[in-house]
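Chains, contacts and geometry: an overview
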Amino acid sequence: MEKNPDKNYAIEICNLTKTYGKKRGVSGISLQVEEGDIFGFLGPNGAGKSTTIRSMLGLLHFQAGEIRLLSMDASHRRREVLAGVGYMPSEAMFYPSMKVKDVILFAAGIRKKDCGKEAERICRLLGVDTEKRIRELSLGNRKKVSIVCAMQHRPRLLILDEPTSGLDPLMQEAFFGLLLEYNRQGTTCFLSSHVLSEVKKYCRNAAFIKDGKIIRRDSVEGAPLDELFMHYYEEDKDDTAEA
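Residues numbered from 1 in each chain as written. Predicted model: local features only at pLDDT ≥ 70, side-chain atom pairs only at ≥ 80, totals over all residues. Heavy atoms only, no water.

1. Quick look at helix H3 (residues 100–110)
Stated formally: For the exposure calls, accessible area comes from a 1.4 Å probe over protein chains only, and a residue counts as buried if that area is under 20% of its type's maximum, exposed if over 50%, partly exposed in between. Strands are runs of DSSP state E lasting at least 2 residues, helices are runs of H or I lasting at least 4, and numbering of each runs from the N terminus. As used here, the arc belongs to the directions running from the helix axis to the C-beta atoms. We call two residues in contact whenever any of their non-hydrogen atoms come within 4.5 Å of each other.
Within H3 the residues assigned to the buried category are Val-100, Val-103, Ile-104, Ala-107 and Ala-108. Viewed along the axis of H3, the buried residues span an arc of 135 degrees, placing them on a single side of the element. Exposed residues lying more than 90 degrees from the buried face of H3 are Leu-105 and Ile-110. Against the buried residues of H3 lie helix H4 (116–126) and helix H5 (139–151). Trailing H3 by a residue or two, Lys-112 shows a phi angle of about 55 degrees, which is positive.

Structure follows, in C-alpha coordinates:
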(Lines give C-alpha, C1' and ligand atoms only; values in the text may rest on other atoms or scores of the structure.)
Protein backbone atom coordinates (compact mmCIF):
# COMPACT_ATOMS: atom_id res chain seq x y z
CA MET A 1 0.00 0.00 0.00
CA GLU A 2 1.36 3.40 -1.03
CA LYS A 3 1.78 5.98 1.69
CA ASN A 4 0.85 9.59 0.96
CA PRO A 5 3.78 11.70 2.25
CA ASP A 6 1.44 14.65 2.83
CA LYS A 7 -0.67 12.75 5.38
CA ASN A 8 -0.02 11.59 8.93
CA TYR A 9 -1.36 8.20 9.89
CA ALA A 10 -2.37 6.95 13.33
CA ILE A 11 -2.69 3.38 12.01
CA GLU A 12 -0.72 1.70 9.21
CA ILE A 13 -1.23 -2.00 8.54
CA CYS A 14 0.62 -3.66 5.68
CA ASN A 15 -0.06 -7.22 4.47
CA LEU A 16 -1.10 -8.52 7.91
CA THR A 17 -1.61 -12.28 8.02
CA LYS A 18 -2.66 -14.21 11.11
CA THR A 19 -3.88 -17.80 11.10
CA TYR A 20 -4.86 -20.17 13.91
CA GLY A 21 -3.36 -23.45 12.76
CA LYS A 22 -5.51 -24.45 9.80
CA LYS A 23 -8.21 -21.94 10.72
CA ARG A 24 -8.46 -18.58 8.99
CA GLY A 25 -7.74 -15.36 10.88
CA VAL A 26 -6.85 -12.52 8.51
CA SER A 27 -5.03 -12.77 5.22
CA GLY A 28 -2.78 -10.07 3.73
CA ILE A 29 -4.84 -7.09 4.88
CA SER A 30 -3.56 -3.53 4.48
CA LEU A 31 -5.15 -0.43 5.96
CA GLN A 32 -4.30 3.19 6.75
CA VAL A 33 -6.18 5.48 9.13
CA GLU A 34 -5.35 9.18 9.16
CA GLU A 35 -4.74 11.04 12.39
CA GLY A 36 -7.90 12.72 13.65
CA ASP A 37 -10.27 10.34 11.86
CA ILE A 38 -13.21 8.42 13.30
CA PHE A 39 -12.82 5.19 11.37
CA GLY A 40 -15.36 2.39 11.24
CA PHE A 41 -14.24 -1.23 10.90
CA LEU A 42 -17.32 -3.11 9.71
CA GLY A 43 -17.99 -6.78 9.25
CA PRO A 44 -20.08 -9.72 10.40
CA ASN A 45 -19.16 -11.78 13.44
CA GLY A 46 -16.07 -13.87 12.77
CA ALA A 47 -14.89 -11.68 9.89
CA GLY A 48 -11.50 -10.91 11.46
CA LYS A 49 -12.15 -7.61 13.25
CA SER A 50 -10.95 -8.71 16.68
CA THR A 51 -7.99 -10.61 15.22
CA THR A 52 -6.85 -7.44 13.47
CA ILE A 53 -7.21 -5.36 16.62
CA ARG A 54 -5.44 -7.84 18.88
CA SER A 55 -2.60 -8.08 16.38
CA MET A 56 -2.32 -4.28 16.38
CA LEU A 57 -1.98 -4.24 20.16
CA GLY A 58 0.54 -7.08 20.36
CA LEU A 59 -1.96 -9.43 22.04
CA LEU A 60 -1.55 -11.90 19.18
CA HIS A 61 1.60 -12.98 17.37
CA PHE A 62 1.01 -12.70 13.62
CA GLN A 63 2.82 -14.65 10.93
CA ALA A 64 3.44 -11.87 8.40
CA GLY A 65 3.04 -8.16 7.85
CA GLU A 66 3.88 -4.85 9.54
CA ILE A 67 1.89 -2.63 11.87
CA ARG A 68 2.66 0.97 12.83
CA LEU A 69 0.62 2.88 15.39
CA LEU A 70 1.19 6.59 16.05
CA SER A 71 4.14 6.48 13.60
CA MET A 72 5.91 3.79 15.63
CA ASP A 73 6.55 0.12 14.90
CA ALA A 74 3.93 -1.62 17.06
CA SER A 75 6.05 -4.76 17.48
CA HIS A 76 9.39 -3.19 18.41
CA ARG A 77 8.17 -0.12 20.33
CA ARG A 78 5.17 -1.66 22.00
CA ARG A 79 5.55 0.06 25.37
CA GLU A 80 5.75 3.53 23.78
CA VAL A 81 2.86 2.73 21.46
CA LEU A 82 0.56 1.50 24.20
CA ALA A 83 1.25 4.59 26.30
CA GLY A 84 -0.66 6.60 23.70
CA VAL A 85 -3.45 4.08 23.07
CA GLY A 86 -6.76 3.48 24.81
CA TYR A 87 -8.23 0.02 24.19
CA MET A 88 -11.73 -1.23 24.88
CA PRO A 89 -12.10 -4.98 24.22
CA SER A 90 -15.38 -6.52 23.15
CA GLU A 91 -15.58 -8.46 26.43
CA ALA A 92 -15.58 -6.37 29.61
CA MET A 93 -13.70 -8.76 31.91
CA PHE A 94 -12.36 -7.70 35.31
CA TYR A 95 -11.52 -9.35 38.65
CA PRO A 96 -15.03 -9.94 40.04
CA SER A 97 -14.20 -9.18 43.68
CA MET A 98 -12.61 -5.78 42.98
CA LYS A 99 -14.53 -2.56 43.48
CA VAL A 100 -15.10 -0.42 40.40
CA LYS A 101 -13.03 2.45 41.81
CA ASP A 102 -10.08 0.10 42.36
CA VAL A 103 -10.28 -1.29 38.82
CA ILE A 104 -10.21 2.25 37.41
CA LEU A 105 -7.33 3.22 39.70
CA PHE A 106 -5.43 0.07 38.75
CA ALA A 107 -5.81 0.86 35.04
CA ALA A 108 -4.46 4.37 35.60
CA GLY A 109 -1.63 3.07 37.76
CA ILE A 110 -0.36 0.79 35.00
CA ARG A 111 0.23 3.95 32.96
CA LYS A 112 1.77 5.74 35.96
CA LYS A 113 -0.72 8.60 35.52
CA ASP A 114 -3.06 10.46 37.81
CA CYS A 115 -6.31 10.22 35.88
CA GLY A 116 -8.58 10.85 38.86
CA LYS A 117 -10.23 14.04 37.62
CA GLU A 118 -11.03 12.70 34.14
CA ALA A 119 -12.14 9.31 35.50
CA GLU A 120 -14.51 11.06 37.91
CA ARG A 121 -15.95 13.16 35.08
CA ILE A 122 -16.57 10.14 32.83
CA CYS A 123 -18.09 8.16 35.70
CA ARG A 124 -20.47 11.03 36.37
CA LEU A 125 -21.46 11.31 32.70
CA LEU A 126 -22.10 7.57 32.39
CA GLY A 127 -23.62 7.05 35.83
CA VAL A 128 -20.94 4.62 37.05
CA ASP A 129 -21.27 3.50 40.69
CA THR A 130 -17.64 3.24 41.76
CA GLU A 131 -18.43 1.62 45.12
CA LYS A 132 -19.93 -1.54 43.65
CA ARG A 133 -17.96 -4.71 43.07
CA ILE A 134 -17.54 -5.99 39.53
CA ARG A 135 -19.57 -9.14 40.25
CA GLU A 136 -22.57 -6.96 41.12
CA LEU A 137 -22.61 -5.27 37.71
CA SER A 138 -24.66 -6.04 34.63
CA LEU A 139 -22.94 -6.40 31.25
CA GLY A 140 -23.87 -2.80 30.39
CA ASN A 141 -22.37 -1.46 33.61
CA ARG A 142 -19.18 -3.48 33.11
CA LYS A 143 -18.98 -1.94 29.63
CA LYS A 144 -19.14 1.52 31.20
CA VAL A 145 -16.21 0.65 33.48
CA SER A 146 -14.31 -0.47 30.38
CA ILE A 147 -15.03 2.89 28.72
CA VAL A 148 -13.58 4.74 31.73
CA CYS A 149 -10.43 2.57 31.73
CA ALA A 150 -9.91 3.16 27.99
CA MET A 151 -10.48 6.93 28.02
CA GLN A 152 -9.35 8.30 31.37
CA HIS A 153 -5.73 8.91 30.30
CA ARG A 154 -6.86 10.90 27.22
CA PRO A 155 -5.10 8.73 24.62
CA ARG A 156 -3.99 9.88 21.17
CA LEU A 157 -5.57 6.76 19.66
CA LEU A 158 -8.72 4.96 20.82
CA ILE A 159 -9.22 1.39 19.61
CA LEU A 160 -12.73 0.19 20.40
CA ASP A 161 -13.96 -3.36 19.74
CA GLU A 162 -17.78 -3.55 19.68
CA PRO A 163 -17.99 -0.79 22.32
CA THR A 164 -21.78 -0.34 22.41
CA SER A 165 -22.90 -3.96 22.79
CA GLY A 166 -24.71 -4.23 26.12
CA LEU A 167 -25.27 -0.48 26.45
CA ASP A 168 -28.82 0.87 26.45
CA PRO A 169 -29.69 3.57 23.87
CA LEU A 170 -29.23 6.43 26.36
CA MET A 171 -25.76 5.22 27.32
CA GLN A 172 -24.87 4.71 23.67
CA GLU A 173 -25.63 8.39 23.06
CA ALA A 174 -23.54 9.40 26.08
CA PHE A 175 -20.66 7.22 24.90
CA PHE A 176 -20.64 8.70 21.40
CA GLY A 177 -20.86 12.18 22.91
CA LEU A 178 -17.61 11.44 24.75
CA LEU A 179 -16.06 9.94 21.63
CA LEU A 180 -16.84 13.04 19.57
CA GLU A 181 -15.50 15.30 22.34
CA TYR A 182 -12.19 13.41 22.43
CA ASN A 183 -12.00 13.43 18.65
CA ARG A 184 -12.45 17.23 18.55
CA GLN A 185 -9.47 17.44 20.89
CA GLY A 186 -7.32 15.41 18.50
CA THR A 187 -7.90 11.74 19.40
CA THR A 188 -8.09 9.30 16.49
CA CYS A 189 -10.86 6.73 16.93
CA PHE A 190 -10.89 3.22 15.41
CA LEU A 191 -14.33 1.70 15.93
CA SER A 192 -14.92 -1.98 15.23
CA SER A 193 -18.60 -2.79 14.83
CA HIS A 194 -21.22 -4.90 13.10
CA VAL A 195 -23.83 -2.16 13.67
CA LEU A 196 -24.12 -0.30 10.38
CA SER A 197 -26.21 2.58 11.77
CA GLU A 198 -23.59 3.74 14.28
CA VAL A 199 -20.82 3.64 11.69
CA LYS A 200 -22.93 5.69 9.26
CA LYS A 201 -23.83 8.21 11.96
CA TYR A 202 -20.47 8.77 13.64
CA CYS A 203 -17.63 7.63 11.36
CA ARG A 204 -16.06 9.55 8.47
CA ASN A 205 -14.35 6.63 6.78
CA ALA A 206 -14.84 2.89 6.99
CA ALA A 207 -13.53 -0.46 5.82
CA PHE A 208 -15.54 -3.65 5.40
CA ILE A 209 -13.89 -6.96 6.28
CA LYS A 210 -15.18 -10.43 5.47
CA ASP A 211 -13.52 -13.85 5.70
CA GLY A 212 -10.29 -12.23 6.87
CA LYS A 213 -9.94 -9.89 3.90
CA ILE A 214 -10.80 -6.22 3.45
CA ILE A 215 -13.45 -6.02 0.76
CA ARG A 216 -13.70 -2.24 0.53
CA ARG A 217 -12.44 0.98 2.12
CA ASP A 218 -14.20 4.30 1.47
CA SER A 219 -15.58 7.47 2.98
CA VAL A 220 -18.88 6.87 4.76
CA GLU A 221 -20.54 9.60 2.71
CA GLY A 222 -19.42 8.23 -0.62
CA ALA A 223 -19.85 4.49 -0.06
CA PRO A 224 -23.09 2.55 -0.54
CA LEU A 225 -22.62 0.93 2.87
CA ASP A 226 -26.21 -0.29 3.13
CA GLU A 227 -25.99 -2.30 -0.07
CA LEU A 228 -22.48 -3.56 0.68
CA PHE A 229 -23.35 -4.59 4.23
CA MET A 230 -26.63 -6.29 3.32
CA HIS A 231 -25.03 -8.10 0.35
CA TYR A 232 -22.42 -9.79 2.51
CA TYR A 233 -24.80 -10.27 5.43
CA GLU A 234 -27.26 -12.07 3.15
CA GLU A 235 -24.38 -14.18 1.80
CA ASP A 236 -23.51 -15.21 5.36
CA LYS A 237 -27.13 -16.17 6.08
CA ASP A 238 -27.29 -18.24 2.90
CA ASP A 239 -24.05 -20.04 3.80
CA THR A 240 -25.41 -20.81 7.28
CA ALA A 241 -28.68 -22.14 5.87
CA GLU A 242 -26.85 -24.43 3.42
CA ALA A 243 -24.62 -25.75 6.22
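2. As for the sheet that holds strand E2 (residues 23–34)
Two orientations exist for strands paired in a sheet by backbone hydrogen bonds: parallel and antiparallel. Here is the rule we go by: A pair of strands is treated as paired once DSSP finds two or more bridges between them. Only C-alpha atoms enter the line fits that serve as axes; for helices the fit covers just the stretch in contact. Angles between N-to-C directions range over 0 to 180 degrees.
Sheet architecture is open: four strands sit in the order E2-E1-E4-E5, paired in antiparallel fashion. Whereas interior strands pair on both sides, the edge strands pair on one side only; in this sheet they are E2 and strand E5 (72–73). Two elements, strand E4 (residues 64–69) and E5, share two bridges in a ladder whose sense is antiparallel. Within the sheet, the bridge partner assigned to Leu-69 lies in E5 and is Met-72. Sheet contacts for helix H1 (residues 49–56): strand E1 (9–20), E2 and E4; angle to E1, the most-contacted strand, approximately 115 degrees.

3. Brief notes about the packing of aromatic side chains
Stated formally: Between rings of Phe, Tyr and Trp, where Trp is taken as its six-membered ring, a pair exists when centres lie within 6.5 Å; planes separated by under 30 degrees are stacked, by over 60 edge-to-face, and by other angles tilted. Two conditions define a charge sitting above a ring: the NZ of Lys or the CZ of Arg must be within 6 Å of the ring centre, and it must be within 35 degrees of the ring normal.
Under the counting rule described, the total for this entry stands at four aromatic pairs. Ring geometry for Phe-39 against Phe-190: centres 5.8 Å apart, planes inclined by 5 degrees, an arrangement best described as stacked. Of this pair, Phe-39 sits in strand E3 (residues 38–42) while Phe-190 sits in strand E8 (residues 188–193), placing them 151 residues apart in sequence. Both residues of the pair, Phe-39 and Phe-190, belong to the buried class. Between Phe-175 and Phe-176 the ring centres are 5.0 Å apart and the planes differ by 65 degrees, which places this aromatic pair in the edge-to-face class. Site record: aromatic cluster; members linked through ring pairs are Phe-39, Phe-41 and Phe-190. Over the ring of Tyr-20 we find Lys-18, and its NZ or CZ is 5.0 Å from the ring centre.

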